[in-house]
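Analysis of the macromolecular model
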Amino acid sequence: MDLNTHNLAVPFYQAAGNEIEIFEHAWKNRLPLLIKGPTGCGKTRFVTHMAARLGRPLYTVACHDDLTAADLVGRHLIGDSQTIWCDGPLTRAVREGGICYLDEIVEARKDTTVVLHPLADDRRLLPIDRTGELLAAPPEFMLVVSYNPGYQNLLKGMKPSTRQRFVSLRFDFPDAAREEAVLRGETGCNTDLARRLVGIARALRALKDQDLEEAASTRLLVYAATLVHAGMPPLAACRAAIVDSLTDDEEVASALMEVVSATFGE
């Protein structure tokens, strides 16, 4: 559920605008950050990049329906005939002055996310009821959450009392030039392959909400570029990494493969 990362090298990230500056200002001024954008547009990579850039340990939590406050804060465990308290990722991040990143925060139950409220306002406190501790977050600690607005509905939206505790950043898919740069930087592929894959993605994104529930993400393009760069034929790579990841409908898949075939001239 959680990952403790002490990054030795800063992962590649191609900035789109002033998001790096906003993140740094939020961190320096002890403000929590909300990042919203479609699946696979670079939200998680951005947070990983910034944690390494700032030299802070990163604790990532993939939120889901069964996530409890104890999963975040911690719980007592039985071992060696005694009860031992085990910190959760949120508590460890607070203790270490790290960055806690809750990915797809709207997937967590609202009674779970309430535990974030005293950390996400000017108090910056984490009460641990089961141990009686009241942890004050050090200046280096930062809370970051993300979600995909396209998945929101009446049952899975952020409570206003939670949302209005955060500075917000809106992410979207990169423009063509930046997306090509991302593919080259991530995979080492050549300019022609990057251009063709980005062209495919832009064509497929025009079909979103028509034949496709979700747009072709930059992440899927990276996968396709990786496979082609490793020697797989482009059509097979695009089928495996892009088309079959977007749809289970064979007719829709065939239509998407026509776009791929036209792009690669096969």
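Just so you know, the residues in each chain are numbered from 1, in the order the chain's sequence is written. Local features in this predicted model are restricted to residues whose pLDDT is 70 or higher, and side-chain atom pairs enter the listing and the counts only when it is 80 or higher, whereas totals over whole chains, interfaces and linings include all residues. With hydrogens and water stripped out, all remaining heavy atoms of the structure feed into the side-chain values.

1. Some thoughts on the overall build of the protein chain
Within the protein chain one finds 11 helices and 10 strands. With respect to the three principal axes, the spread of C-alpha positions in the protein chain is 65 × 40 × 35 Å. Across the 266 residues of the protein chain, 48% fall into the buried class. We get accessible surface area from the Shrake-Rupley algorithm with a probe of 1.4 Å; when it comes to residues, only the shown protein chains can shield them. Approximately 12,900 Å² of the protein chain is accessible, and the part contributed by carbon and sulfur atoms is 51%. Here a helix means four or more residues in a row that DSSP labels H or I, a strand means two or more in a row labelled E, and each is numbered from the N terminus. Each residue is assigned to one of three classes by its accessible area relative to the maximum for its type, calculated with a 1.4 Å probe on protein chains only: buried under 20%, partly exposed between the two thresholds, exposed over 50%.

2. A word on the pairing of strand β3 (residues 58-62)
Sheet faces and side chains relate simply in a regular strand, where the side chains alternate between the two faces. Taking burial as the measure, the five residues of β3 include four buried ones, the bulk of the element. Between any two strands, pairing holds if DSSP finds at least two bridges. By the bridge criterion, five bridges tie β3 to strand β6 (residues 99-103) in an arrangement that is parallel. Bridging across to β6, Val 61 finds its partner in Leu 102.

3. Side note on helix α9 (residues 218-229)
A helix is expected to span 1.5 Å for every residue after the first. Under the 1.5 Å per step criterion, the end-to-end length of α9 is 16 Å for 12 residues, consistent within 8% with the ideal 16 Å. All of the buried residues along α9 are Thr 218, Leu 220, Leu 221, Val 222, Ala 224, Ala 225 and Val 228. Contact definition: two residues touch when any of their heavy atoms are within 4.5 Å. The elements touched by buried residues of α9 are α7 (176-187), α8 (191-205) and α10 (234-246). Within two residues after α9, Gly 231 carries a phi angle of roughly 115°, on the positive side.

4. What to know about the packing of α7 against α9
At their nearest, the axes of α7 and α9 sit 9 Å apart, and the two run at 50° to each other. By the criterion of interaxial angle, the relationship of α7 to α9 is oblique. Helix-helix and strand crossings are classified by hand; for α7 and α9 the assignment is right-handed. Touching Glu 179, Val 182, Leu 183, Glu 186 and Thr 187 of α7 are Thr 218, Leu 221, Val 222, Ala 225, Thr 226 and His 229, all from α9. Each axis is a line fitted through C-alpha atoms, and for a helix only the stretch in contact is used; angles between axes span 0 to 180 degrees, taken between their N-to-C directions. What sets the label is the angle itself: under 35 degrees gives roughly parallel, over 145 gives roughly antiparallel, 65 to 115 gives roughly perpendicular, and the rest give oblique. Note on convention: the crossing is left-handed when the near helix lies turned anticlockwise from the far helix by less than a right angle, right-handed when the turn is clockwise.

5. Thoughts on the packing of aromatic side chains
To describe a pair of aromatic rings, one takes the distance between the centres and the angle between the planes. Two rings belonging to Phe, Tyr or Trp (six-membered ring only in the last case) form a pair when the distance between their centres is within 6.5 Å. Interplanar angles under 30 degrees mark stacking, angles over 60 mark edge-to-face geometry, and anything in between is tilted. Overall, the coordinates contain three aromatic pairs when judged by the stated rule. For the ring pair Tyr 13 and Phe 46, a centre distance of 5.1 Å and an interplane angle of 45° mean the geometry is tilted. Here Phe 46 lies in helix α2 (residues 43-54) and Tyr 13 lies in the loop between β1 (2-5) and α1 (19-28), a separation of 33 residues in the sequence. As far as the burial class goes, Tyr 13 and Phe 46 line up, both buried. A centroid spacing of 5.3 Å and a plane angle of 50° characterise the contact between Phe 46 and Phe 171, whose relative ring orientation is tilted. Of this pair, Phe 46 sits in helix α2 while Phe 171 sits in the loop between β10 (167-170) and α7, and the two are 125 residues apart along the sequence. For a ring to carry a charge above it, either NZ of a lysine or CZ of an arginine must fall within 6 Å of the ring centroid while also lying within 35 degrees of the normal to the ring plane. Geometry around Phe 173 places Arg 205 over its ring, the cationic atom sitting 4.1 Å from the centre.

6. Observations regarding the nonpolar core
Among the nonpolar cores identified, the biggest contains 30 residues, and Leu 183, Leu 197, Ile 242 and Leu 246 are the most heavily contacted of them. Mapped by element, the contributors of at least two residues to this core are α7, α8, α9, α10 and α11 (250-264). In terms of residue count, the dominant contributor to this core is α8 (seven residues). Discounting chain neighbours no more than four positions away, the residues touching Leu 183 are Gly 188, Cys 189, Ala 194, Leu 197, Val 198, Thr 218, Leu 221 and Val 222. Among buried residues, the Ala, Val, Leu, Ile, Met, Phe, Trp, Tyr and Cys ones that are joined through side-chain atoms within 4.5 Å form a nonpolar core. The next biggest cluster of nonpolar side chains, apart from the first, holds 29 residues, and it includes Leu 72, Leu 90, Leu 126 and Tyr 147.

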